[in-house]
Amino acid sequence: MGFQYHCRNYTCSKKAKTWQCGRPAGRGPPAPTRFLAGAGEGRPSSSCVFVVRKDQDIYVQTLRKLFNESHGIFIGLQRSEEEFAGKSRKTQLVQVSKNYRSVIRACMEDMHQAAVSARDPALHSQYSTQVSILSAMELIWNLCEILFVEAAVAGPLLLRLLDWVRLHVCDVDNMVREVLSSENPSKHELFWNVVDVFVLQGRMDEARHLLSKEASANPTSVNMCRILDDLMKKMPVPSLGNTQTLTEMELKWQHWHEECQRYLQDGTFASNSHMESICKILLGDENAILEKKELMTTWYHFLVTRLLYSHPTVKPMELRFYAQSSMDLFLGGESSPEPLDTILMAAFEFEMHQVIKECSIALSNWWFVAHLTDLLDHCKLLQSHNLYFGSNMREFLLLEYASGLFSHYSLWQLGVDYFDHCPEYGRVYLELHIERIPLNTEQKALKVLRICEQRQMHEQVRSICKIMAMKALRNNRLGSALSWSIRAKDAAFATLISDRFLKDYCEKGCFSDLDLIDNLGPSMLLSDRLTFLGKYREFHRLYGEKRFSEAAKLLLMLMTAHIAPCSFWMTLLTDALPLLEQKEVIFSAEQTYELMRCLEDLTAGKSDKQKFQDDDVETMKVEMLRLALARNLARVIVKEGTLEGS
């Protein structure tokens, strides 16, 4: 089987999974080496080479459906925790289990189609291996559903196991089509093989239908076919409902069994070895059943057939004895159990923790054990089992699975929800993993930011905003950088970017990103420099709207309130020149004196060396300002004197 082949290949590196691969360093619980690898196996040895590798399955495109659709089922299960109780809760959990299996099967079918259409032999082999693994996963999950989730009782238990065998173990449809499409089905070389398979799987109606073909073709065997058909028809089967008690079922079965025994002892089928063999199977003859070993192919098919014809009312806790003896009889010492056999045997023995352990070792990713353990935990079957470092098994496996998802460029979003439902260490893991997500685009950064804001992860919000602000600044995207720094509430960085805006204005004579600056609102109070930038832009807007008096007051306020940096005073005074030269007097005498004082403070603050180094343009600006201020003062005095005189 492909699953078994895969497991043998995997053993060389399976121990790597017990190390802290994909685990944030220094935080959270240590990896439970004993849980996954057994006591002592986790201790490094100088003679061993440990292969540490990433979870490659998350990069297989056809497995994306498995991860995405199972995520929705997982979230739905967590949200419905309080909605159901009693029988309705059990019914819901069984439905959840079936939903998981349907996703596995859909993914398996997609993988099969990919294998069929693959022209590259290596790719075909890879897909075929994945199909085998997914098939084994569904086989194990279905058995766990029957034994643990549904917890089928004696009677219905056998019917569930028969359905399990029919679905997973032996597909005879092609053989049936070949036999039935032939001119004379009863003469076909595979005819009795098909009848035997139907009997081995308890498919009596189909077996009887084929026997009718034999009766029609061979008049000499009509009587034998009629008797065998009657035995099959009368065979008691357990009821899914409460229509009969186990005692009634056992009495009916005993009477039927005695009737079969009587016909066999009377030699009714002695002239037809095939029918005689079928009668022996109906009697539960182990040797007769084992003769059909090639048709069953697996020991667990043999187990279910053996139970059907020897102990149809088997109780759940009796399965372990029948399972072990069936495996021993079927293998007969010719081969040792494969990993899949070990997992199924653990399930039949009701060793849930052993099932999870063996699956963790055998399978190449954490998806299966994480979701199965979560489902069993909701069934209240793992409540008493905590790992030695304090976390429970469910949380540990979910943390490992979610950590693997975070290594994928898009599946990390699913990992967030898994961390959310790990109450003990989930938030710690999320905080550490989310900081490692590469923020390649602003869209992705906003997505990560929204996740952090929804969970009040303030430190991570600031970190992301600072990273994006720095990236934008390096690319000279000042508007984006300012927006991110405001979102991060980083006053120092906002001041730095505001200075860059002002520097650009001085060089180019205009502002970039006007929409952002015009709509700063209360955000401008984050830093003095940002406040100045916003107010200075407001001055330009007022000036553009010819609201000169308001613009003049705002300009003077920026200087006298010391909001503006001293290095920008000359620019502000230069901006005052057009207002000073307006036909209408804008600045009052008091305001003009304030401007004069600011100009003198600016020039007086420079040393002689700095004055000497100032170019002619700066000197001309100072002289023009002094002249404009003097003229404006004269005009104001004349105007105010005229007003007083009148």
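Details of the structure are given in the entry above.
Here the structure is a predicted model, which means the values were calculated and not measured. (Residues numbered from 1 in each chain as written. Predicted model: local features only at pLDDT ≥ 70, side-chain atom pairs only at ≥ 80, totals over all residues. Heavy atoms only, no water.)

A.B. asks: Hey, could you run me through the packing of aromatic side chains in this one?
C.D. replies: Throughout the structure, instances matching the rule amount to 24 aromatic pairs. Where Trp-164 meets Phe-348, the ring centres are 6.0 Å apart and the plane angle is 75°; that geometry is what we call edge-to-face. With Trp-164 in helix H6 (residues 156-168) and Phe-348 in helix H17 (residues 339-348), this residue pair connects regions lying 184 residues apart in the sequence. As far as the burial class goes, Trp-164 and Phe-348 line up, both buried. Between Trp-299 and Phe-348 the ring centres are 6.0 Å apart and the planes differ by 65°, which places this aromatic pair in the edge-to-face class. In this pair, Trp-299 is assigned in helix H15 (residues 299-310) and Phe-348 in helix H17, connecting sequence segments 49 residues apart. A single burial state applies to Trp-299 and to Phe-348, both of which are buried. In textbook terms, an aromatic cluster arises when at least three aromatic residues are bridged by ring pairs, as seen for Phe-532, Tyr-536, Phe-539, Tyr-543, Phe-548 and Phe-568. (Phe/Tyr/Trp six-rings, centres within 6.5 Å; stacked < 30°, edge-to-face > 60°. Helix = DSSP H or I, 4+ residues; strand = E, 2+ residues; numbered from the N terminus. Buried < 20%, exposed > 50% of the residue type's maximum accessible area, 1.4 Å probe, protein only.)

A.B. asks: Help me out: how do you make sense of helix H16 (residues 319-331) in this one?
C.D. replies: Working note: α-helix, 3.6 residues per turn, so residues spaced by three or four point in the same direction. The terminal C-alpha atoms of H16, which comprises 13 residues, lie 18 Å apart, in line with the 18 Å expected from a rise of 1.5 Å per residue. Among the residues of H16, Leu-319, Ala-323, Ser-326, Met-327, Phe-330 and Leu-331 are the ones counted as buried. What you see down the axis of H16 is that its buried residues fit within an arc of 110°, all on one side. Contacts from the buried residues of H16 go to helix H5 (121-149), H6, helix H13 (286-290), helix H14 (293-296), H15 and H17. In the stretch just after H16, Gly-332 is the one whose phi turns positive, near 60°. (Expected span 1.5 Å × (residues − 1). Arc of directions from axis to C-beta. Contact = heavy atoms within 4.5 Å.)

A.B. asks: Is there a simple way to think about the pattern of salt bridges in this case?
C.D. replies: Side chains that differ in charge, positive against negative, can pair when their charged atoms come close. Summed over all chains, the structure comprises 28 salt bridges. We note a salt bridge from Arg-427 to Glu-431, for which the minimum N-O separation is 3.2 Å. In this pair, Arg-427 and Glu-431 both sit in helix H22 (residues 426-434), four residues apart, roughly one turn of the helix. Of the residues examined, Glu-431 reaches a relative accessible area of 19% and is grouped as buried. (Salt bridge = Lys/Arg side-chain N within 4 Å of Asp/Glu carboxyl O.)

All quantities given are derived from atomic positions and should not be read as evidence of function.
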